[in-house]
Amino acid sequence: MTTQTTVIIGANSQIAKALAKQVIGYPDSQLIVVSRNIDFYQSDEFSQAMLIQVNNYQESEIDMAVERIKQANALQIHQVFICHGVLHNDHCQPEKRLEDFSAEAFTEILTANTITPMLWLKALVPLLTGKHPCKVVVFSARVGSIADNRIGGWYSYRASKAAMNMLLKSAAVELERRAKNIKLISFHPGTTDTPLSKPFQRSVPDGKLFTSAFVAQRLLQIVADTTVDGAASFVDWQGQDIPW
Ligand SMILES: NC(=O)c1ccc[n+]([C@@H]2O[C@H](COP(=O)([O-])OP(=O)(O)OC[C@H]3O[C@@H](n4cnc5c(N)ncnc54)[C@H](OP(=O)(O)O)[C@@H]3O)[C@@H](O)[C@H]2O)c1
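In this text the structure is predicted, and so the values were computed from the model without any measurement.

Caption draft 1: Structural context of the pairing of strand S1 (residues 4-9). Most of S1 sits out of view: five of its six residues are buried. In the sheet, S1 pairs with strand S2 (residues 29-35) via six bridges, with the strands oriented parallel. Looking at the pairing, Gln4 lines up with Ser29 of S2. The parallel pair S1 and S2 is bridged by helix H1 (residues 14-23), and the resulting crossover is right-handed. Here five bridges tie S1 to strand S4 (residues 77-82), and the two strands are oriented parallel to one another. Bridge pairing in S4 places Val7 opposite Val80.

Next up, the structure:
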């Protein structure tokens, strides 16, 4: 019998795929993945998973996906991973200096990294509210820490993650009143070997570039060990608190 459900959103992320590969092996559990590209999941390994493909991450698409999750009568969603993150793409690079800042690029990064996860949270909370503990992980980054910012640069990416953190802090205050079973976790995976970090891996010290499988295993353990306490947490792959 299925007793617990994991939802992975932005499931074509490299770290998301590693999470899915580990979760699919859990006994008595259901996996739901949501992405614009679900090719990776079209295999026997994921034949029991529910695959939801979205065209984009506009609010109407998000609402439709959440409605499909609701219709599926998913039992006890106990963990949700929201994995969106854009650092660079074919027309945006992280800024090295003020002159690199562009309104268009900032808007694009902010939409992907901040507004999209927040729209998921907004749409999912009614479905997650109840008696059973549910942990919602939003992928952040240490560079989103305002207190820890000593190097500067990467204006848009940093600001998008810092803004996400602030939204999570505020949401936790509200959920403490109206959905006490939900715990919000802002997670820094550490530098992980994925398309996002590829162009920046040369400067990573030996032993500090993690595999997605390692990060996924750490994250699942951290989520299992975390208690629902009415506050948002900002933690790294070791489970250590990061200053906001
Ligand atoms: N890799 C690292 O070293 C590192 C370090 C610190 C933090 N992080 C964070 O960890 C998370 C996962 O990163 P990853 O390394 O696994 O990245 P990745 O493999 O490059 O995956 C990219 C993710 O971003 C989503 N995405 C791409 N363009 C988007 C857009 N325009 N709008 C909304 N979503 C979009 C993708 O969704 P689809 O599934 O729909 O394609 C996918 O979930 C991100 O939040 C990232 O910021 C990564």
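After that view of the structure, there is still more to cover.
Caption draft 2: Spotlight on the environment of Lys161. Secondary-structure assignment places Lys161 in helix H4 (residues 155-178). A residue is classified by how much of its surface remains accessible, and Lys161, at 2% relative accessible area, is buried. C-alpha of Lys161 to C-alpha of Ile146: the two residues are 15 residues apart in sequence and 9.7 Å apart in space. Beyond its immediate sequence surroundings of up to four residues, Lys161 is in contact with His84, Gly85, Asn113, Phe139, Ser140, Ala141 and Gly144.

Caption draft 3: Region of the structure containing the sheet that holds S2. Taken together, seven strands build an open sheet; the order of strands is S3-S2-S1-S4-S5-S6-S7 and the sheet is parallel. Among the strands making up the open sheet, the edge pair consists of strand S3 (50-53) and strand S7 (233-236). Ignoring which end each strand starts from, the neighbouring axes of this sheet average 20° apart. Against the sheet, H1 makes contact with S1, S2, S4 and strand S5 (134-139), and its axis sits at roughly 165° relative to S1, the strand it touches most.

Definitions and limits used
- Residues numbered from 1 in each chain as written.
- Predicted model: local features only at pLDDT ≥ 70, side-chain atom pairs only at ≥ 80, totals over all residues.
- Heavy atoms only, no water.
- Buried < 20%, exposed > 50% of the residue type's maximum accessible area, 1.4 Å probe, protein only.
- Helix = DSSP H or I, 4+ residues; strand = E, 2+ residues; numbered from the N terminus.
- Pairing = 2+ DSSP bridges.
- Right-handed = clockwise from strand over helix to strand, strands pointing away.
- Contact = heavy atoms within 4.5 Å.
- Axes fitted to C-alpha atoms, helices over the stretch in contact; angles between N-to-C directions.

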